[in-house]
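Structure at a glance
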Amino acid sequence: MTSLSARLKATIRDVPDFPKPGVVFKDITPVLHDPALFADVTAALAAPWKGKGITHVLAIESRGFLFGAPVAQHLGAALVPVRKPGKLPSAHLTERYTLEYGEDAVEVHTDAIDARSLVLIVDDVLATGGTASATRRLAHRLGAGVAGVGVVIDLSFLPWRAALSGVHVETLVSF
Ligand code: AMP
C-alpha cells in the first residue's frame, strides 16, 4: 500500500517563484480536491494527539483553517482561529515575528483559551517556524499549555526545528 507521505508527494504541486522570485510554493489545493486523501490527511494529523487531553486546536490563517477545523472535530476539541492583523472583531492579543524581509503578526481572541487549556497548533506548512512559534507565544501569554504543532508539510532545508526547539512537532511529509 502506498504511504500517506508518498501520496502527498505525488499530489502536492510545486509552484516556482510564487509569491515572489526564488520561493517554491507548496500548493495543497490538489489535496483538497481529493476527498479520500483529504480525509486521510486530517485523520493522520489528529492521530498522534488522540487521548492527549487537547482542549483547543489553534488553526493558523488561512490554509491552517482548512486542516485545523477537521482535526478539532477528530479530537473533540474547540477550534480557535489564529488570524493575521486586523481581522479579529473582539479583544485580542498580537504577537509579531520577523520574516526574511520585514515583519508579520498573528492575533488571537483573549477569551479563546486560558490556563485550563491544552492546545495543538495546526498549519499547512512549516518553513522558518516563525508563524507557529509566534502562535505558541500567544498561547503561553494566555496561560495555556502547548502540546505541540501538527502540519501537513515541513521544509527540512529551512530552520523551523531551531525555532521550535523543545516542541513536539508532527509532520506528514518532508521536502
Ligand atoms: P514560516 O512562518 O516561515 O514557518 O511559514 C509558515 C507559513 O507560511 C505557513 O502559514 C505557510 O502556509 C506559509 N508558507 C511558507 N513557506 C511556504 C511555501 N514554500 N509554500 C507554501 N506555504 C508556505
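So, a few notes on the structure that sits alongside this text. The model shown is predicted, which means the values in this text are computed figures rather than measured ones.

In this model, the largest pocket occupies a volume close to 1,200 Å³. In terms of lining, the largest pocket is formed by 32 residues, of which the most central are Val23, Leu99, Ala127, Thr128 and Thr131. In terms of residues, the lining of the largest pocket owes the most to one element, strand β7 (residues 118-126), which gives 4 residues. Of the residues assigned to the lining of the largest pocket, the class counts are 16 nonpolar, 7 polar and 9 charged.

Further remarks concern the site of the ligand. With respect to spatial proximity, 14 residues lie near the ligand, and among them Arg63, Asp123, Asp124, Thr128 and Thr131 are the closest. In the model, a nitrogen atom of the ligand is placed 3.0 Å from a nitrogen or oxygen of the valine 24 main chain. Within the contact set of the ligand, a nitrogen atom lies 2.9 Å away from a backbone nitrogen or oxygen of lysine 26. Every element with two or more residues in the shell around the ligand is listed here: β2 (24-27), β7 and α5 (130-141). Top element by residues in the shell around the ligand is β7. It accounts for 4 residues. Partitioning the shell around the ligand into residue classes produces 6 nonpolar, 4 polar and 4 charged.

The residue serine 117 is located in the loop between β6 (103-109) and β7 in this model. A distance of 2.9 Å separates a polar side-chain atom of serine 117 from the backbone nitrogen of aspartate 114.

Counted according to the given criterion, the structure contains 2 aromatic pairs. Seen in terms of ring centroids, phenylalanine 18 and phenylalanine 25 are 5.2 Å apart; in terms of plane orientation they differ by 85 degrees. Their pairing is edge-to-face. When its relative accessible area of 43% is taken as the criterion, phenylalanine 18 is described as partly exposed. Judged by centre distance (5.8 Å) and plane angle (85 degrees), the rings of phenylalanine 38 and phenylalanine 67 are edge-to-face. Here phenylalanine 38, found in helix α3 (residues 35-46), pairs with phenylalanine 67, found in helix α4 (residues 63-75); they are 29 residues apart in sequence, far enough to count as distant.

This part is about α5. Relative to the 16 Å expected for 12 residues at 1.5 Å per residue, α5 spans 16 Å between its end C-alpha atoms, a close match to the ideal helical length. Within the sequence span of α5, burial applies to Gly130, Ala132, Ser133, Ala134, Thr135, Leu138 and Ala139. Glycine 143 sits one or two positions beyond α5 and adopts a positive phi of about 85 degrees.

Of all hydrophobic cores here, the largest spans 25 residues; its most connected members are Leu58, Ile113, Val149 and Leu164. Listed by contribution, the elements that provide at least two residues to this core are β3 (56-60), β4 (78-82), β5 (92-98), β6, β7, α5 and β8 (145-154). With 4 residues, α5 is the largest single contributor of residues to this core. Apart from the residues within four sequence positions on either side, isoleucine 113 is in contact with His56, Leu58, Val80, Val119, Ala139, Leu142 and Ala144. Among the nonpolar cores identified, the runner-up in size contains 23 residues, and Ala46, Val71, Ile153 and Leu172 belong to it.

Cut-offs applied
- Residues numbered from 1 in each chain as written.
- Predicted model: local features only at pLDDT ≥ 70, side-chain atom pairs only at ≥ 80, totals over all residues.
- Heavy atoms only, no water.
- 1 Å grid on protein atoms, 1.4 Å probe; cavity = no way out; pocket = protein on both sides within 12 Å on 5 of 7 lines; lining within 4 Å.
- Points joined across faces, edges and corners; volume = space filled by probe spheres on them.
- Helix = DSSP H or I, 4+ residues; strand = E, 2+ residues; numbered from the N terminus.
- Nonpolar A, V, L, I, M, F, W, Y, C, P; charged D, E, K, R; others polar.
- Near = heavy atom within 4 Å.
- Polar contact = N/O pair within 3.5 Å; in protein donor to acceptor, adjacent residues only side chain to side chain.
- Phe/Tyr/Trp six-rings, centres within 6.5 Å; stacked < 30°, edge-to-face > 60°.
- Buried < 20%, exposed > 50% of the residue type's maximum accessible area, 1.4 Å probe, protein only.
- Expected span 1.5 Å × (residues − 1).
- Core = buried A, V, L, I, M, F, W, Y, C linked by side-chain atoms within 4.5 Å.
- Contact = heavy atoms within 4.5 Å.

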